[in-house]
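Structural description and commentary
These are the residues of each chain, in order.
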Amino acid sequence: MLGRTLREVSAALKQGQITPTELCQKCLSLIKKTKFLNAYITVSEEVALKQAEESEKRYKKGRSLGDLDGIPIAVKDNFSTSGIETTCASNMLKGYVPPYNATVVQKLLDQGAVLMGKTNLDEFAMGSGSTDGAFGPVKNPWSYSKQYREKRKQKPHGEKEDSDWLITGGSSGGSAAAVAAFTCFAALGSDTGGSTRNPAAHCGVVGFKPSYGLVSRHGLIPLVNSMDVPGILTRCVDDAAIVLGMLAGHDPKDSTTIQDPVKPFTLPTLTDVSKLCIGIPKEYLAPELSGEVRSFWSKAANLFESEGAKVIEVSLPHTSYSIVCYHVLCTSEVASNMARFDGLEYGHRCDINVSTEAMYAATRREGFNDVVRGRILAGNFFLLKENYENYFIKAQKVRRLIANDFVKVFNSGVDVLLTPTTLRGAAPYLEFIKEDNRTRSAEDDIFTQAVNMAGLPAVSVPVALSNLGLPIGLQFIGRAFCDQQLLKIAKWFEKQVQFPVIQLQELMDDGSSVSEIEKLASVSLKH
């Protein structure tokens, strides 16, 4: 049952094949079995069981709230949850319990979703590996998959079992791992420069970043206000569309959300792609791109072409400036946002009381890790009066040029862009931590950051396994507020590619549950 899609398990609940309480207990049991993955910071067992019980009562009365009623979900630990600790994986917020729910969390709960817990991340979502949080790194479930283990047998003997586990990507690595390991059916992440799509690609799940302004940010503890978007992680595109339909719409508590009411969100099946135009950005053919990812990208383009779609090369000429531009804008907004954590109102406060200044300094030194402090310092440097024009204002102008590149491409008749999501598959942890956080983030988010600066929707879809038996994802980028069209195309593509289901039977309550969701496919992108 745990291996089914959200839509399938919803149907099973309505048909009485399983009760919400039984489903919740299965997920809680698996969360305990997979505790070593460190996907969750907080497991809200009592809350989840109570919510499942309420859902069960509704089903017995024939008053189901919809497709999400009784469905176990997880939420990244930078979304405020009433009565449940929200830490942002930082010592600064250990013990902080918000008095309210983030709008997206409240909307899910209003639909009857069952909250299993809060997922792990890089501290304050600053990172691309989910390795830099105060509660330790998240381990990729694929590290323990049958597919990866069989490939590892070919490696030289003597390598330590414990040292060879893989990163999840980040910063929403906990949410991606939770979905990939079947401990929930959907999870919320946040996406500022790829933080939902990056871990989705590494964990073999779907990671969707909505258009900026389509989904409320209220209650999402901010990193970069002008780029942050709540993200959705699921095991298939259709499930992501279901969750988006519950979340999209105007929120009076978030002035950046669209004013127009959102029509009921449905995802019709696309059968003919011959009228589509797929753009391939030539600037995304980065020298660091692995040969395997390049091959899958090319085969995906050929797949569309073979089905009658028009596939053309396009140019996004300012792409090369996106990394530096993003760094300046990101750190500048971080410096502003992190100023609220001063030890006075909430969060950590040091014991030093010599002076207010000494208390500020010691609190922030103790509460923040090196990565957060480094970004605060960089951001304040860019915002200095003598640097403001040369750095921050110039970066804003470049951001506009980057956004205009996308506008020109879509105005030329292109429906969606097809790109890699990451440079390569998931890296072993010991290899990943050899580089510093800034370098890793710049490399890992090279294909995803520009989308956030332009406010566009994008989705990462798993396409195939690498020679090492690890997931590879490709990214589709759509026009602003054409999220439905983007997901419709992604759903068609997903149906064509034969992406294998992760084989973790030894961790499942039911050994047959994984095989239940083997996807029917007409084409494979395998080597």
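Values in this document were obtained by computation on a predicted structure and should not be read as measured data.

Focus on the sheet that holds strand β6 (residues 229–234)
- Strand order in the open sheet formed by 11 strands is β1-β3-β2-β4-β6-β5-β10-β11-β9-β7-β8, with mixed pairing between adjacent strands. Each of the sheet's edge strands pairs with one partner strand only, and the pair in question is β1 (40–43) and β8 (310–314). Adjacent strand axes in the sheet meet at a mean angle of 30° when their direction is disregarded.
- In terms of strand pairing, strand β5 (residues 206–209) meets β6 through 3 bridges, oriented antiparallel. When the bridges of β6 are listed, Val206 appears paired with Thr234.

A few points about the UniProt feature "active site" (unreviewed entry) in the protein
- UniProt tags Lys76, Ser171 and Ser195 as "active site" (unreviewed entry). Despite a sequence span of 120 residues, these residues sit close together in the fold, their greatest C-alpha distance being 11.1 Å.
- Here Ser171 shows up in the loop between α5 (146–152) and α6 (173–180).
- With a relative accessible area of 0%, Ser171 lands in the buried category.
- Once residues within four sequence positions are removed from consideration, Ser171 is found in contact with Lys76, Asn120, Leu121, Asp122, Ala125, Gly127, Ser130 and Ser195.

Focus on the UniProt feature "domain: Amidase" (unreviewed entry) in the protein
- Within this structure's numbering, the places UniProt gives as "domain: Amidase" (unreviewed entry) are residues 25–145 and 167–487.
- The distance separating the terminal C-alpha atoms of residues 25–145 is 23 Å; by composition the span is 27% helix and 12% strand.

Focus on the packing of aromatic side chains
- Applying the stated criterion to the full structure yields 17 aromatic pairs.
- Ring geometry for Phe304 and Phe476: centres 6.0 Å apart, planes at 70°, overall edge-to-face. On the criterion of sequence distance, the pair formed by Phe304 in helix α9 (residues 291–306) and Phe476 in strand β11 (residues 471–477) is long-range, its members being 172 residues apart.
- Among the residues examined, Phe304 registers a relative accessible area of 0% and is labelled buried.
- Ring centres of Phe476 and Phe493 lie 5.1 Å apart, and the angle between their planes is 65°; on these two criteria the pair is classed as edge-to-face. Here Phe493 lies in helix α17 (residues 483–496) and Phe476 lies in strand β11, a separation of 17 residues in the sequence.
- Judged by its relative accessible area of 0%, Phe493 is buried.
- Among the aromatic residues, those joined into a cluster by ring pairs are Tyr96, Phe124, Phe341, Tyr346 and Phe368.

Structural notes on the pairing of strand β7 (residues 277–281)
- Buried residues dominate β7, accounting for 5 of its 5 residues.
- Side chains of β7 alternate between two faces, with Cys277, Gly279 and Pro281 and Ile278 and Ile280 buried alike.
- By the bridge criterion, 5 bridges tie β7 to β8 in an arrangement that is parallel. Pairing of Gly279 across the sheet is with Ile312, part of β8.
- With α9 bridging β7 and the parallel β8, this β-α-β connection has right-handed handedness.

Let's talk about unusual backbone geometry
- Residues Gly170 and Ser171 are joined by a peptide bond in cis, for which omega reads 10°.
- For Ala125, which is not a glycine, the phi torsion comes out positive at approximately 65°.
- The residue Ala125 is located in the loop between β3 (114–119) and α5 in this model.
- Under the relative-accessibility criterion, Ala125 is labelled buried at 6%.
- Phi is positive for Phe481, which is not a glycine, with a value near 65°.
- Structurally, Phe481 can be placed in the loop between β11 and α17.
- You can call Phe481 partly exposed: its relative accessible area is 43%.

Let's talk about the packing of α9 against α17
- Closest axis-to-axis distance for the α9/α17 pair is 12 Å, and the angle between their directions is 105°. Considered as vectors, α9 and α17 are oriented roughly perpendicular to each other. Across the interface between the two elements, Ala300, Leu303 and Phe304 of α9 pack against Ile489, Trp492, Phe493 and Gln496 of α17.

Digging into the environment of Leu383
- By the secondary structure assignment, Leu383 is in helix α12 (residues 370–383).
- Judged by its relative accessible area of 30%, Leu383 is partly exposed.
- As for Leu383 and Leu329, which are separated by 54 residues in sequence, their C-alpha atoms are 9.8 Å apart.
- Ignoring any residue separated from it by four or fewer positions in sequence, one finds Leu383 in contact with Ser332, Tyr388 and Phe392.

Overview of helix α8 (residues 237–247)
- Of all the 11 residues making up α8, 9 are buried; the element is thus mostly covered by neighbouring parts of the structure.
- Within the sequence span of α8, burial applies to Val237, Asp238, Asp239, Ala240, Ala241, Ile242, Val243, Leu244 and Leu247.
- A positive backbone phi angle near 135° is found at Gly249, which sits one or two residues after α8.

Thoughts on the packing of α8 against α17
- Two numbers describe how α8 lies on α17: the axes approach to 9 Å, and their chain directions differ by 160°. The angle between the axes of α8 and α17 places the two elements in the roughly antiparallel class. At the point where α8 passes α17, the crossing takes the left-handed sense. Residues Val237, Asp238, Ala241 and Leu244 of α8 form the contact with α17, whose participating residues are Asp483, Leu487, Ala490, Lys491 and Glu494.
- Taken together, the residues that form the contact of α8 with α17 break down as 5 nonpolar, no polar and 4 charged.

Rules used throughout
Residues numbered from 1 in each chain as written. Predicted model: local features only at pLDDT ≥ 70, side-chain atom pairs only at ≥ 80, totals over all residues. Heavy atoms only, no water. Pairing = 2+ DSSP bridges. Helix = DSSP H or I, 4+ residues; strand = E, 2+ residues; numbered from the N terminus. Axes fitted to C-alpha atoms, helices over the stretch in contact; angles between N-to-C directions. UniProt positions renumbered as here; feature names shortened; annotations may be inferred. Buried < 20%, exposed > 50% of the residue type's maximum accessible area, 1.4 Å probe, protein only. Contact = heavy atoms within 4.5 Å. Phe/Tyr/Trp six-rings, centres within 6.5 Å; stacked < 30°, edge-to-face > 60°. Right-handed = clockwise from strand over helix to strand, strands pointing away. Parallel < 35°, antiparallel > 145°, perpendicular 65-115°, else oblique. Left-handed = near helix turned anticlockwise from the far one by under 90°. Nonpolar A, V, L, I, M, F, W, Y, C, P; charged D, E, K, R; others polar.

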